[in-house]
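Each chain is listed here by its residues.
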Amino acid sequence: MPIRHANALLDVPVYPAGRSAPLADRIGRLLSSTGDVIFVQAEAILALEAVATSIARPGVTAVNIVTSPYGAYFGAWLRRAGATVHELVAEPGQPAGMQALRARMDALPAVDVVAAVHAEAANGVLNPLADIAALAKARNALLVIDAVASIGAHPLDVDALGIDIAVIGAQKGLAGPAGVSAVAMSQRAWTHVAATPDFAPSSLSLAEIRRTWLDRGRGALPGMPAPLEFWALEAAIDRVEAEGIDNVIARHQRAAMAARAGLRALGVEPWIADDRAASALVTSAPVPDGIDAQALIDGAARYGVALGAGFGNTEGRLVRLDHTGAKAAFDSVLAAVIGYGAALVTLGMAVDIGPAAKAVATAWVAPRAGD
Ligand SMILES: *Cc1c(COP(=O)(O)O)cnc(C)c1O
């Protein structure tokens, strides 16, 4: 029976072939990248797997910085494709130590690839990207950065830092869709990919994406692009450009500062003590001794506040106050801090909510450099 009900989510116009190249160029501008921006038509975790798989081969030595499960996955994919991987695993929920990284790299006769996550949504880490980039440059290593979470929350100048491969998604700081990702590639990155055995046909092959899109003049995307995802990505970039990428970043930075001030006013030191080592996506707060993490999360949920659980090696030890994307806003930060504090009170801890609310508000209205 040909009954047809129009549905905005189902009857989506195709994403026109001519729009993908300008969209890639706009993403390149957000990243300050003059390299090639390609789309991986999948969520960002797959783009990361595609990158690892497309650059790793026997004979390649990689130094992989692990500050969350994402870094651990990346190392596993490099290894699977035959690379020799030296891993620098940070303390749980803490950024990579630069002395340890330098020592690790100095001990190796050659380093072909250095990989790291810029900022973590998983635990609130901000890695020292400029220092990592300088060490990679000194060894002439390919620098691969997972900027999935950091884009829109931290300044990121791909060209100036000499980042060869930057992977981004729109679903974190850019408050966009999760089903399509982008990768900025330097010429050096392509040279490295070209020296890696071609395993096409594969949806994970960057060489194939190059052949089927870049080399054909960036017209129709290969395969069957998901129109919902591409329209949504374009809408997200429209909205970011309308606000201004610097303002989007400033909003995240303000949210982090306000969350941290609020926690401290509760008498709780944030999990990452150094403000400069904390990501602007989430603020991780300790689960105090004698308190069960799930009880804390459930307690806040009773006030309508969703605290994120720690995961990987921080499971049960911290909770995450989320201020990513649309949540980088005064009401979200205030609710998260007060919800965390109120849950602690319910669980028998003597914390004072009033000063925390005041600290969030004071930090939010404080003028900041660049305002
Ligand atoms: C969210 C995130 C990803 C991608 O994960 P998805 O499951 O594809 O959303 C990768 N790296 C980092 C650092 C992230 O925060």
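Here the structure is a predicted model, which is why all the values come from computation and not from measurement.

Peer 1: When you look at the overall build of the protein chain in this model, what are you seeing that I'm missing?
Peer 2: Secondary structure assignment for the protein chain yields 13 helices and 10 strands. For the protein chain, the proportion of its 371 residues judged to be buried stands at 53%. In the protein chain, the proportion of contacts linking residues at least 24 apart, taken out of those at least 6 apart, comes to 71%. Accessible surface for the protein chain amounts to roughly 15,900 Å². Of this, 57% is attributable to carbon and sulfur atoms. Placing the 29 positive and 35 negative side-chain charges of the protein chain at their respective mean positions leaves the two points 2 Å apart.

Peer 1: Mind showing me how you'd approach the site of the ligand here?
Peer 2: Lining the immediate environment of the ligand, one finds 14 residues, of which Glu 43, Ile 45, Asp 146, Gln 171 and Lys 172 sit closest. Contact distances for the ligand include 2.5 Å between an oxygen atom and a side-chain N or O atom of Glu 43. Ala 44 places a main-chain nitrogen or oxygen 3.3 Å from an oxygen atom of the ligand. Relative to its unbound accessible surface of 380 Å², the ligand loses 90% to contact with the protein. Of all the elements, helix α2 (residues 44-55) adds the most residues to the shell around the ligand, at 3 residues.

Peer 1: Before we go on, may I ask you to explain the UniProt feature "modified residue: N6-(pyridoxal phosphate)lysine" (unreviewed entry) in the protein chain in this structure?
Peer 2: Mapped onto this numbering, the UniProt entry annotates "modified residue: N6-(pyridoxal phosphate)lysine" (unreviewed entry) at Lys 172. One can find Lys 172 in the loop between β6 (165-169) and β7 (181-185). Judged by relative accessible area, Lys 172 falls into the buried class, the value being 19%. Those residues in contact with Lys 172, other than ones at most four positions away along the chain, are Tyr 70, Ala 121, Val 148, Ala 149, Thr 324 and Gly 325.

Peer 1: Help me understand the sheet that holds β7, please; the structure alone is not making it clear to me.
Peer 2: Two pairing modes exist for strands in a sheet, parallel and antiparallel, and in both the strands are linked by backbone hydrogen bonds. Taken together, 7 strands build an open sheet; the order of strands is β1-β7-β6-β5-β4-β2-β3 and the sheet is mixed. Bordering the open sheet on either side are β1 (36-40) and β3 (84-89), each of which pairs with just one other strand. Averaged over neighbouring strand pairs, the angle between their axes works out to 20° when direction is ignored. Both β6 and β7 contribute to a ladder of 5 bridges, which runs antiparallel. Its bridge partner lying in β7, Ala 166 is registered against Ala 184. Across the sheet, helix α4 (residues 98-106) lies against β2 (61-66), β3 and β4 (113-117), angled at about 160° from β3, the strand it touches most. Across the sheet, helix α5 (residues 129-138) lies against β2, β4 and β5 (142-146), angled at about 155° from β5, the strand it touches most.

Peer 1: Can you walk me through the pattern of salt bridges in this structure?
Peer 2: Two side chains of opposite charge can pair, provided their charged atoms sit close to one another. In the structure shown here, the tally under the stated rule is 15 salt bridges. We note a salt bridge from Arg 19 to Glu 234, for which the minimum N-O separation is 2.6 Å. With Arg 19 in helix α1 (residues 17-30) and Glu 234 in helix α9 (residues 227-243), this pair connects stretches of sequence that are 215 residues apart. Note on Arg 19: relative accessible area 35%, which makes it partly exposed. Exposure remark for Glu 234: the relative accessible area of 9% places this residue in the buried category.

Peer 1: Can you walk me through unusual backbone geometry in this structure?
Peer 2: Note: most peptide bonds trans; most residues except glycine with negative phi. For the peptide bond that leads from Ala 200 to Pro 201, omega is 0°, which places it in the cis range. Within the secondary structure, Pro 201 is located in the loop between α7 (187-194) and α8 (206-214). Of note, the phi angle at Asn 140 is positive, near 60°, even though the residue is not glycine. Within the fold, Asn 140 resides in the loop between α5 and β5. Exposure remark for Asn 140: the relative accessible area of 59% places this residue in the exposed category. The backbone of Ala 175 shows a phi angle near 55°, a positive value even though the residue is not glycine. Turning to its location among the elements, Ala 175 is positioned in the loop between β6 and β7.

Peer 1: So what exactly am I meant to see when it comes to the nonpolar core here?
Peer 2: Membership of the largest hydrophobic core comes to 82 residues, with the highest contact counts inside it found for Ile 27, Phe 39 and Ile 165. Top element by residues in this core is α2. It accounts for 7 residues. Beyond its immediate chain neighbours, meaning those up to four positions away, Ile 27 contacts Val 37, Phe 39, Ile 168, Ala 182, Leu 233 and Ile 237. Within the second largest apolar cluster, 29 residues are counted, among which are Ala 259, Leu 307, Tyr 340 and Ala 343.

Peer 1: Whenever I open this one, the environment of Leu 263 confuses me. Can you help?
Peer 2: Relative to the helices and strands, Leu 263 is located in helix α10 (residues 245-265). Judged by relative accessible area, Leu 263 falls into the buried class, the value being 0%. Distance in space between the C-alpha atoms of Leu 263 and Glu 87 is 33 Å, their sequence separation being 176 residues. Among all residues touching Leu 263, those that are not within four sequence positions of it are Val 268, Pro 270, Thr 283, Ser 284, Ala 285, Leu 321, Val 337 and Tyr 340.

Peer 1: Any chance you could explain the packing of helix α11 (residues 293-301) against helix α12 (residues 330-346) here in plain terms?
Peer 2: A pair of packed helices is characterised by two quantities: the angle between their axes and the separation of those axes. Interaxial distance between α11 and α12 falls to 8 Å at its minimum, and their mutual angle equals 115°. Between α11 and α12 lies a crossing of right-handed hand. Residues Leu 296, Gly 299 and Ala 300 of α11 lie in contact with α12, whose contacting residues are Gly 339, Tyr 340, Ala 343 and Leu 344. Taken together, the residues that form the contact of α11 with α12 break down as 5 nonpolar, 2 polar and no charged.

Peer 1: When you look at a nonpolar patch on the surface in this model, what are you seeing that I'm missing?
Peer 2: Among the surface-exposed residues, Leu 9, Leu 10 and Leu 228 lie close enough to one another that they form a single nonpolar patch of about 340 Å² accessible area. Within the secondary structure, Leu 9 sits in the segment before α1. For Leu 9, a relative accessible area of 60% corresponds to the exposed category.

Cut-off values and rules
Residues numbered from 1 in each chain as written. Predicted model: local features only at pLDDT ≥ 70, side-chain atom pairs only at ≥ 80, totals over all residues. Heavy atoms only, no water. Helix = DSSP H or I, 4+ residues; strand = E, 2+ residues; numbered from the N terminus. Buried < 20%, exposed > 50% of the residue type's maximum accessible area, 1.4 Å probe, protein only. Contact = heavy atoms within 4.5 Å. Areas by Shrake-Rupley, 256 points an atom, 1.4 Å probe, with all protein chains shown as cover. Lys, Arg positive; Asp, Glu negative; His and termini not counted. Charge placed at Lys NZ, Arg CZ, Asp CG, Glu CD. Near = heavy atom within 4 Å. Polar contact = N/O pair within 3.5 Å; in protein donor to acceptor, adjacent residues only side chain to side chain. UniProt positions renumbered as here; feature names shortened; annotations may be inferred. Pairing = 2+ DSSP bridges. Axes fitted to C-alpha atoms, helices over the stretch in contact; angles between N-to-C directions. Salt bridge = Lys/Arg side-chain N within 4 Å of Asp/Glu carboxyl O. Core = buried A, V, L, I, M, F, W, Y, C linked by side-chain atoms within 4.5 Å. Left-handed = near helix turned anticlockwise from the far one by under 90°. Nonpolar A, V, L, I, M, F, W, Y, C, P; charged D, E, K, R; others polar. Patch = residues over 30% accessible without salt bridge, like charges linked within 9 Å, V, L, I, M, F, W, Y side chains within 5 Å.

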